[in-house]
Amino acid sequence: MDGQPEELNELMRVRREKLAELRDKGIEPYGARFERTHTTSFILANFEDLENKNAAIAGRIMSKRSMGKASFAHIQDSTGQIQIYARLNDMGSQAYEIFSKLDIGDIIGVTGNIFKTRMGEVTVAVGEFKLLSKCLRPLPEKWHGLKDVELRYRQRYVDLIVNPEVKEVFESRSKIIRSIRSFLDSRDFLEVETPMMHNIAGGAAARPFITYHNTLDMHLFLRIAPELYLKRLVVGGFEKVYEINRNFRNEGVSTKHNPEFTMIELYQAYADYNDMMDLTEELISTVSLEVFGRNRIEYQGTEIDLAPKWTRLPMLDAVKMYSGLDFRSIKTTDEAKNAVKLAKIDLVLETSDTWGTILNKVFEETVEPKLIQPTFIIDYPVEISPLAKRKIENPELTYRFELFIYGREMANAFSELNDPVEQKSRFLKQVEKRTAGDEEAHMMDEDYIDALEYGMPPAGGLGIGIDRLVMLLTDSPSIRDVILFPTMRPRD
RNA sequence: GGGCCAUUAGCUCAGACGGUAGAGCACCUGACUUUUAAUCAGGGUGUCGGUGGUUCGAGUCCACCAUGGCUCACCA
């Protein structure tokens, strides 16, 4: 259907004929610069002052109503829509004839007088108009818009043209990110950019994408997290840094996962995970207030209160509360396995599982979905936290938390492990797991160990999934609703 | 990857029991100089996702494939 004229359907054929007709008449269907004096929404908001004044506006024709020698249309710019009124007497027959043949979807510039119609609608009377871009494909239906989700994602540009609420979501996304930046900038965090192509895919447990550099003749990984580079910067003396950008994980696609997704990671020297909890709840509630003017939000019909302070619940207590299993008295891996069996918790346990991984599995199975209001789950087992500092009181656990809202992991943070010797032995344990077939286990990063050997100040680090935060704040059910161009298989 | 569901005109959708495809919008022709889901008269523009099969006959039944959605698994 693309390209070959003989394959064009009737609607597209007609539009191409109109295009040729315009060119025959010496009219360029793809205009150049057009100087606007007003946006549509500005005119609507300031009609009192603008009545009978001239305006130059530009936008896409979204509807047309022709009544013979006069026509109405609505044109849409990035701020909204306004009605225009074209009258043969005002324009002359040549111009009016061309106007009459314009299609819904065409982009035009209009100059004319601002007035109010008999029906009370603020309207621009077309004095002159200029075709700025001919639209060769029919737009979806004006009343129902574009509903087919597959088309909406594949042709987001069409979705954005006809579904104004979609545009609002992405405007909100931008405001949210801007608000995060201004929050951190005002607290003297420095925004930095670290590599997206890594020799070693570190900083998280995930399968990476692999790419190849021709000249250097080597494979590179798309980053799964910026963590290890940001902490190198902390070693280097940047005491408060953050980065907002894409991570890439070669894993499943779902309503909560896209292979490339946006994370913010930040590190603060001389702080710990308690500071990160304070920062997280302040950050998210401030952003919600700034962008949406409220902290009580509704997500998929559930009211969620983002006002600080949020519950801080040790994982051991959470697991005891929701599963009945008390991992404070369960001391060994064998005891843990037995306890899970006795409690008839529906879990698949592997021989490689240990006390900590079992605790985490029980947590995910029994607790996670219950955490609707913002909750910090604190003190994660060391086995699943290879970059976090051990708790002094209980070395099986770490100073790590994850934030859950609506049963979803929204943030992950810890007091950073800054002991190079211990970090090395943690990496070695990960490498063992990798060798045993765990594709998500961390890789050894000798240079990172070198960096730690120079001394990294104690630091708190935090990562927040931006897409999931935007989902929450915009009440979007799927991550694809907050990513402009979500990953899709090609159509053919 | 498993399960369930969907795929029909540009868009939104309808098509019992298997009989050769329909509506609204959009579009085309005509009428109409303040309409607004404009109105009125006329016009259906289609590889029914694809490939096989069953059948006298398939949009409809069967198998496989593709794409998408939901869900489970995975994602600590």
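Our subject is the structure that appears above.
Residues numbered from 1 in each chain as written. Chains lettered and ligands numbered in written order. Predicted model: local features only at pLDDT ≥ 70, side-chain atom pairs only at ≥ 80, totals over all residues. Heavy atoms only, no water.

Draft legend 1. Region of interest: the overall build of chain A. Per the secondary structure count, chain A includes 16 helices and 18 strands. Across its three principal axes, chain A shows a C-alpha extent of roughly 90 × 50 × 50 Å. In chain A, which comprises 492 residues, the proportion classed as buried is 49%. By sequence separation, contacts in chain A at least 24 residues apart represent 64% of the contacts at least 6 residues apart. Here chain A displays about 24500 Å² of accessible surface, and carbon together with sulfur accounts for 51% of that area. Side chains of chain A carry 65 positive and 78 negative charges; the gap between the two charge centres is 5 Å. (Helix = DSSP H or I, 4+ residues; strand = E, 2+ residues; numbered from the N terminus. Buried < 20%, exposed > 50% of the residue type's maximum accessible area, 1.4 Å probe, protein only. Contact = heavy atoms within 4.5 Å. Areas by Shrake-Rupley, 256 points an atom, 1.4 Å probe, with all protein chains shown as cover. Lys, Arg positive; Asp, Glu negative; His and termini not counted. Charge placed at Lys NZ, Arg CZ, Asp CG, Glu CD.)

Draft legend 2. Expanded view of the side chain of Q83. For Q83, the location among the structural elements is in strand β3 (residues 80-87). One polar contact links Q83 to T123, side chain to side chain, over a distance of 3.0 Å. Those residues in contact with Q83 that sit more than four places away from it in its chain are R65, F72, A73, H74, T117, E121, V122, T123 and V124. (Polar contact = N/O pair within 3.5 Å; in protein donor to acceptor, adjacent residues only side chain to side chain.)

Draft legend 3. Broad picture of the side chain of S288. In this structure, S288 sits in helix α10 (residues 273-292). Judged by relative accessible area, which is 0%, S288 ranks as buried. A polar side-chain atom of S288 sits 2.5 Å from the main-chain carbonyl oxygen of R294. With residues up to four places along the chain from it excluded, the contact list for S288 reads G293, R294, N295, I297, L306 and L473.

Draft legend 4. View of the pattern of salt bridges. Tallied over the full model, the rule gives 39 salt bridges. D278 is the partner of K309 in a salt bridge, and the nearest nitrogen-oxygen pair spans 3.4 Å. With K309 in the loop between β13 (302-305) and β14 (311-314) and D278 in helix α10, the pair connects residues that are 31 residues apart, well separated along the chain. Residue D278 is classed as partly exposed on the basis of its relative accessible area of 26%. Here E281 and K309 are joined by a salt bridge, their closest N and O atoms 3.4 Å apart. Of this pair, E281 sits in helix α10 while K309 sits in the loop between β13 and β14, placing them 28 residues apart in sequence. You can call E281 buried: its relative accessible area is 2%. (Salt bridge = Lys/Arg side-chain N within 4 Å of Asp/Glu carboxyl O.)

Draft legend 5. The arrangement of the nonpolar core in detail. Counting residues in hydrophobic clusters, the biggest one holds 45 residues, and the most contacted among them are I180, L306, F401 and L462. Considering every element that reaches this core, the biggest residue donor is α10, with 8 residues. Contacts of I180, omitting those with residues within four sequence positions, involve I244, I264, L283, V287, I466 and L469. One finds I43, I75, M91 and V124 within the second-largest nonpolar core, a separate group that totals 25 residues. (Core = buried A, V, L, I, M, F, W, Y, C linked by side-chain atoms within 4.5 Å.)

Draft legend 6. View of the pairing of strand β11 (residues 260-269). Counting buried residues in β11 gives 9 out of 10 residues, a clear majority hidden from the surface. Sheet topology note: the strand β10 (residues 240-248)/β11 ladder contains 9 bridges and is antiparallel. Bridged to K240 within β11 is Q268. In terms of strand pairing, β11 meets strand β18 (residues 459-465) through 7 bridges, oriented antiparallel. By the bridge assignment, E265 is partnered in β18 with G463. (Pairing = 2+ DSSP bridges.)

Draft legend 7. A look at α10. The terminal C-alpha atoms of α10, which comprises 20 residues, lie 28 Å apart, in line with the 28 Å expected from a rise of 1.5 Å per residue. Y273, M276, M277, L279, T280, E281, L283, I284, S285, V287, S288 and V291 are the residues of α10 that are buried. N-capping of α10 is provided by D272, with a side-chain oxygen placed 2.9 Å from the backbone N of N274. A positive phi of about 70° marks G293, the residue just after α10. (Expected span 1.5 Å × (residues − 1).)

Draft legend 8. Geometry of the protein's contact with RNA strand B. Residues in close proximity to RNA strand B total 51 residues, the closest being N89, E150, A205, H257 and I384. Close to the protein, within 4 Å, the atoms of RNA strand B are drawn from sugar and phosphate at a rate of 58%. One nitrogen or oxygen atom from the main chain of K147 is found 2.9 Å from a phosphate oxygen belonging to RNA strand B. The separation between a sugar or linking oxygen of RNA strand B and a polar side-chain atom of R154 is 2.9 Å. Elements supplying a minimum of two residues to the surface near RNA strand B: α1 (10-24), β1 (54-66), β2 (70-77), β3, α6 (149-154) and α13 (355-366). A class-by-class count of the residues in the surface near RNA strand B yields 20 nonpolar, 13 polar and 18 charged. (Near = heavy atom within 4 Å. Nonpolar A, V, L, I, M, F, W, Y, C, P; charged D, E, K, R; others polar.)

Draft legend 9. Looking closely at the sheet that holds strand β16 (residues 400-405). Spatial strand order, β6-β10-β11-β18-β17-β16-β15-β14: 8 strands in an open sheet with mixed pairing. Strands at the two margins of the open sheet, each flanked by one partner only, are β6 (190-191) and β14. Across the sheet, helix α9 (residues 227-236) touches β10, β11, β17 (408-415) and β18, and the angle it forms with β11 is around 25°. (Axes fitted to C-alpha atoms, helices over the stretch in contact; angles between N-to-C directions.)

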